Amino acid sequence: MTLDDILVEINHAEKIVIMAHETPDGDAIGSMLSMNLALKKLGKEADVIVREFPRTFAFLPGAKEVKSNSDIEQYDLAVSLDCADLKRLVGKEYFESAKKTIVIDHHGTNMMYGDLNFVNPVSPACCEILAGMFEYFDIEIDSEIGSCILTGIITDTGGFKYSSVTPETFEFTAELLRKGVNVSDIYQRVLETRRKSNFELLRRAMNRLELLEDGKIAFTYINKKDEEEVHAETGDHEGIVENGRSIEGVRVSVFIREKEENIYKVSMRAGNGFNINVSDICYIFGGGGHPRAAGAVVSGTVEQVKEKLVKEIKKVI
């Protein structure tokens, strides 16, 4: 499969839908919005399906065009972005019924569930893959597309601080600066601005943080009651797991968030300076992600989930 094959399917399609993983982060949102803007330059119209849209990204071009559902029963083409597994895809019913499907992603655990799969696990962000793809298609990356793409790159690299960053990442960012993209403004909006509800969740999580196994594991959690009491919005839990990783000596940081009674969404990060693949740990629980950042869903009480996770983490630290 080549990029030319993807372009052929795009050109043939009349009805196109774009989607990404549940609880979308900046890379997922940036990928969907930039893809939609790029398709417009090819003379195509698409539906962007998002059921949880973090207010943090409402400033991005095209954000007001997203939909939670569609009346179209069968699309000619469904495009999945930044999603490694069909079960995590929001709007998967549209994907499964589409005549043709394309998966574009950067997770090494991708299940290759599309008719066409373009996966580059070396790329620090799905948005960076799209940047190269748009250039190959001779689509001008203007300031609007560039703002969406840069949002994905900034969020998935932690502000260019992760080891996944490549020389191409900085070269592309420099080019966006020349095109008028306000890099510092985007950085501040997506990484340095906290809503009050987000801060309140962080404070509760930090008050509960435990250092286990002689300080090698950081563990904390929030539950539904916490989110209700602070009037949490979509995405307010983002970034909490990073605080455990920043503690000296922590090899694995774990943050769990209650999805529903006795079911927790797990976020896991490898500690700075430690060669630990947290994706392998999360894979045991049916999840996955990147070597240094991964997630899963685990059932049980807080204590039961903690015990299950610590048991597996101890095997690799």
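Residues numbered from 1 in each chain as written. Predicted model: local features only at pLDDT ≥ 70, side-chain atom pairs only at ≥ 80, totals over all residues. Heavy atoms only, no water.

### Here's the deal with helix H12 (residues 302–313)
Every α-helical turn comprises 3.6 residues, leaving residues that sit three or four positions apart pointing alike.
Then, number 1: The terminal C-alpha atoms of H12 lie 16 Å apart, and with 12 residues this matches the ideal 16 Å at 1.5 Å per residue to within 8%.
Then, number 2: Buried within H12 are the following residues: Val302, Val305, Lys306, Leu309, Val310, Glu312 and Ile313. Seen end-on, H12 carries its buried residues on one side only, within an arc spanning 160 degrees. For H12, the exposed residues set more than 90 degrees away from the buried face come down to Glu307 and Lys311.
Then, number 3: On its buried side, H12 packs onto strand E6 (210–212), strand E7 (217–222), strand E8 (252–260), strand E9 (263–270), helix H11 (278–284) and strand E11 (293–299). (Helix = DSSP H or I, 4+ residues; strand = E, 2+ residues; numbered from the N terminus. Expected span 1.5 Å × (residues − 1). Buried < 20%, exposed > 50% of the residue type's maximum accessible area, 1.4 Å probe, protein only. Arc of directions from axis to C-beta. Contact = heavy atoms within 4.5 Å.)

### Some remarks on helix H5 (residues 143–156)
Then, number 1: Taking 1.5 Å as the rise per residue, H5 with 14 residues should run 20 Å; its terminal C-alpha atoms sit 20 Å apart, in good agreement.
Then, number 2: Summarising burial for H5: 12 of the 14 residues are buried, a large majority.
Then, number 3: Regarding H5, the residues found buried are Ile145, Gly146, Ser147, Cys148, Ile149, Leu150, Thr151, Gly152, Ile153, Ile154, Thr155 and Asp156.
Then, number 4: Those residues of H5 that are buried are in contact with helix H2 (26–41), helix H4 (126–136), helix H6 (167–178) and helix H7 (183–191).
Then, number 5: Two or three places before Glu144, at the start of H5, stands the capping residue Asp142, its side-chain oxygen 3.2 Å from that residue's backbone nitrogen. (Polar contact = N/O pair within 3.5 Å; in protein donor to acceptor, adjacent residues only side chain to side chain.)

### Structural notes on the sheet that holds strand E10 (residues 288–289)
Then, number 1: Pairing is mixed in the open sheet, where six strands are placed in the order E6-E7-E8-E9-E11-E10. Looking at strand neighbours, the two that pair on one side only are E6 and E10, the edges of this open sheet.
Then, number 2: By the bridge criterion, eight bridges tie E8 to E9 in an arrangement that is antiparallel. Among the inter-strand pairings, Arg257 is bridged to a residue of E9, identified as Lys265.
Then, number 3: Docked against the sheet, helix H8 (residues 196–208) engages E6 and E7, running at close to 135 degrees with respect to E7. (Pairing = 2+ DSSP bridges. Axes fitted to C-alpha atoms, helices over the stretch in contact; angles between N-to-C directions.)

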